[in-house]
Amino acid sequence: MTIVPVEVLDVARTARRITVLTGAGMSAESGVPTFRDAQSGLWSRFDPAQLATEDAFRRDPALVFGWYVWRLGRVREAGPNAGHLSLAQWARSADVRIVTQNVDDLHERAGSEVLAHLHGSLAAFRCLDCGRPFDGDLPEPDAVGRAAPPRCPCGGLVRPGVVWFGEPLPQKAFADGVLACRDTELLLVVGTSGIVYPAAGLPDLARSMGVPVVEINPEPTELSPSCDVTWRTTAATGLPTLVAAL
Ligand SMILES: NC(=O)c1ccc[n+]([C@@H]2O[C@H](COP(=O)([O-])OP(=O)(O)OC[C@H]3O[C@@H](n4cnc5c(N)ncnc54)[C@H](O)[C@@H]3O)[C@@H](O)[C@H]2O)c1
Ligand SMILES: [Zn+2]
């Protein structure tokens, strides 16, 4: 049986405003792979860090676009897990603000409003050249997973609406995320390895404001040493246990 650490329970019971910073581990139990897990199937021989850049897209648009179409398909087949659902439930009795690095929509499908998608969204495509949103049909990947990106009316290639390595975060989302981490009574950091900046700097920012920071992650991370409490459990076990105990 999972027991909520008493320090976590104490602060979670009294906090009226809670910010939850989520990463890929939040969706792992929904069957959406994290970057650190080996990629499966067709994509197992590719390193995500080598696919998730503008350079990679310009070099081989069909390879990179096909990877995103495949990932979007994985997300559409998946559903929110008990962790996503319990955050939506918590928001009915407290001000729970979700700041996510995830590009999936599993928080929304669990019934949560997401304050900030720091790294964009898998389902939001736009033109590489003029930025115009694209909502047409996506191409079917071929047998090896490649899919040529559609073209914008301006002639530009359609790109995924996610933040690639080397790109700045969407300004408003990051500003909202910063505010939510400073102006809160508890920061829960769920399923993030804490190596992708600037998102990984948010827990330290919260702590510098005196906000208690609790990590929920089955493994130690770069962030663990600077958290007030590290709770070694998973998102779909820890969060429902916590919310049920409130
Ligand atoms: N679902 C998604 O949207 C998705 C999936 C893969 C990668 N990404 C992107 O990859 C980048 C990587 O950073 P990151 O820190 O989010 O992910 P990461 O892959 O670097 O780290 C995942 C973390 O989740 C932890 N974890 C694994 N299973 C867990 C579980 N069941 N419950 C709780 N924690 C668990 C791991 O120990 C690890 O610390 C992000 O920018 C994100 O946008 C997103
Ligand atoms: Zn265009």
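Structural data are supplied above this passage.
The model shown is predicted, which means the values in this text are computed figures rather than measured ones.

### A short note on helix H5 (residues 61-77)
Reasoning step 1: End to end, H5 covers 24 Å across 17 residues, agreeing with the expected 24 Å (1.5 Å per residue, within 8%).
Reasoning step 2: Buried within H5 are the following residues: Ala62, Leu63, Val64, Phe65, Gly66, Trp67, Tyr68, Val69, Arg71, Leu72 and Val75.
Reasoning step 3: Contact partners of the buried residues in H5: helix H3 (48-51), helix H4 (54-59), helix H7 (106-109), strand S4 (120-127) and strand S6 (158-162).

### What about the packing of helix H6 (residues 82-90) against helix H10 (residues 235-245)?
A pair of packed helices can be characterised by two numbers: the angle between their axes and the separation between those axes.
Reasoning step 1: Between H6 and H10, the least distance of the axes is 7 Å, while the angle of their chain directions is 25°. Classified by the angle between their axes, H6 and H10 sit roughly parallel to one another. Both H6 and H10 take part in a crossing whose hand is left-handed. Counted together, Ala82, Gly83, Ser86, Leu87, Gln89 and Trp90 of H6 and Ala235, Ala236, Leu239, Pro240, Leu242 and Val243 of H10 form the full contact between these two elements.
Reasoning step 2: Across the contact of H6 with H10, the residue classes break down as nine nonpolar, three polar and no charged.

### Looking at the coordination of the zinc ion (ligand 2)
Reasoning step 1: Every protein donor of the zinc ion (ligand 2) is listed here as Cys127 (SG), Cys130 (SG), Cys152 (SG) and Cys154 (SG), and their distances to the metal cover 2.2 to 2.4 Å.
Reasoning step 2: Classification of the site at the zinc ion (ligand 2) rests on its four donor atoms, whose angles at the metal span 103 to 119°, yielding the label tetrahedral.
Reasoning step 3: Of the residues examined, Cys130 reaches a relative accessible area of 45% and is grouped as partly exposed.
Reasoning step 4: For Cys152, a relative accessible area of 6% gives the class buried.

### Structural notes on the sheet that holds S4
Reasoning step 1: Spatial strand order, S5-S4-S6: three strands in an open sheet with antiparallel pairing. Two strands close off the open sheet at either side, each with one partner strand: strand S5 (133-134) and S6.
Reasoning step 2: Here two bridges tie S4 to S5, and the two strands are oriented antiparallel to one another. Paired with Phe125 across the bridge in S5 is Phe134.
Reasoning step 3: Here H5 sits on the sheet and contacts S4 and S6; the angle it forms with S4, its principal contact strand, is near 140°.

What counts, and at which threshold
Along each chain, residues carry numbers from 1 onward, in the same order as the chain's sequence is written. The lettering of chains begins at A and the numbering of ligands begins at 1, in the order of writing. A pLDDT threshold of at least 70 governs which residues receive local features in this predicted model, and a stricter bar of 80 or more applies before side-chain atom pairs are shown or counted, although totals over entire chains, interfaces and linings include all residues. Only heavy atoms go into the side-chain values, all of them from the structure, while hydrogens and water stay out. In DSSP terms, a helix is any run of H or I states spanning at least four residues, a strand is any run of E spanning at least two, and both are numbered starting from the N terminus. To estimate the expected span of a helix, subtract one from its residue number and multiply by 1.5 Å. Note on classification: 1.4 Å probe, protein chains only; a residue is buried when its accessible area is under 20% of the maximum for its type, exposed when over 50%, partly exposed between these limits. We call two residues in contact when some of their heavy atoms are within 4.5 Å. With axes taken as lines fitted to C-alpha atoms, and helix axes fitted only over the stretch in contact, angles between N-to-C directions fall between 0 and 180 degrees. Here the angle decides the label: under 35 degrees means roughly parallel, over 145 means roughly antiparallel, 65 to 115 means roughly perpendicular, and every other value means oblique. Handedness of each helix crossing follows the sense of rotation of the near helix against the far helix: counterclockwise by less than a right angle gives left-handed, clockwise gives right-handed. In the scheme used here, Gly and all other residues not listed as nonpolar or charged are polar, with Ala, Val, Leu, Ile, Met, Phe, Trp, Tyr, Cys and Pro taken as nonpolar and Asp, Glu, Lys and Arg as charged. Coordinating donors are taken as N, O and S atoms within 2.8 Å of the metal, stretched to 3.2 Å for Na, K and Ca; because water is absent from the atoms, sites can appear incomplete. Every angle between 85 and 135 degrees makes a four-donor site tetrahedral, while opposite donors more than 155 degrees apart, with all other angles between 65 and 115, make a four-donor site square planar and a six-donor site octahedral; other sites are irregular. If DSSP finds at least two bridges between two strands, the strands pair.

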